[in-house]
Amino acid sequence: MRRYFAIALLFFGCNGYAMESIRVGSQLIVVGDSSAKVKEMLGNPSSRSKSAGKSTGSKKGSGHSKGGVKVQSNDKTKGEKWLYRRNGHTITFIMADGKVTHIDDVAR
C-alpha cells in the first residue's frame, strides 16, 4: 500500500513542476527566462495581448476590498500574454518586465 502511495506522490509531484516549464527540442524554457530566449526558440507568437490579471476595480493593482476583506490579485496572470500553437498544443506565456512569469500548456 505504501508503494502505491509513494508512486502516486511522485507522479503528482512531477506534474506540478512540468507546468512551469516547456521543452523545445533539447532545450527547456522555464519561469524566469527572458522574453528574448522565448522568441529565439519559438519565434514570434501567434498572438499577443495585455493581461491585467483577475483583480478588477483596483487602480493600483495591489488588491482591492470586497465586503471588508482585502482581495489580492494573482501576480502570475499580470503582464503580456504570448500565445503559441505547436504540435497540437496551445502554449501561453505570461511576460512581465521582459521575463516569463507563468507557462500554461494545453492540448487542443
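Everything below is about the structure printed above this text.
Residues numbered from 1 in each chain as written. Predicted model: local features only at pLDDT ≥ 70, side-chain atom pairs only at ≥ 80, totals over all residues. Heavy atoms only, no water.

## Notes on the overall build of the protein
Alright, step 1. The number of helices and strands found in the protein is two helices and eight strands.
Alright, step 2. Along its sequence from the N terminus, the protein presents helices and strands in the succession α-β-β-α-β-β-β-β-β-β.
Alright, step 3. When each of the 108 residues of the protein is scored for burial, the buried share is 27%.
Alright, step 4. In the protein, the share of contacts with a sequence separation of at least 24, taken over all contacts with a separation of at least 6, comes to 46%. (Helix = DSSP H or I, 4+ residues; strand = E, 2+ residues; numbered from the N terminus. Buried < 20%, exposed > 50% of the residue type's maximum accessible area, 1.4 Å probe, protein only. Contact = heavy atoms within 4.5 Å.)

## A few points about the packing of aromatic side chains
Alright, step 1. Enumeration over the complete set of coordinates arrives at one aromatic pair.
Alright, step 2. Look at Tyr84 and Phe93: their rings are 5.7 Å apart centre to centre, the planes differ by 85°, and that puts the pair in the edge-to-face class.
Alright, step 3. Note on Tyr84: relative accessible area 4%, which makes it buried. (Phe/Tyr/Trp six-rings, centres within 6.5 Å; stacked < 30°, edge-to-face > 60°.)

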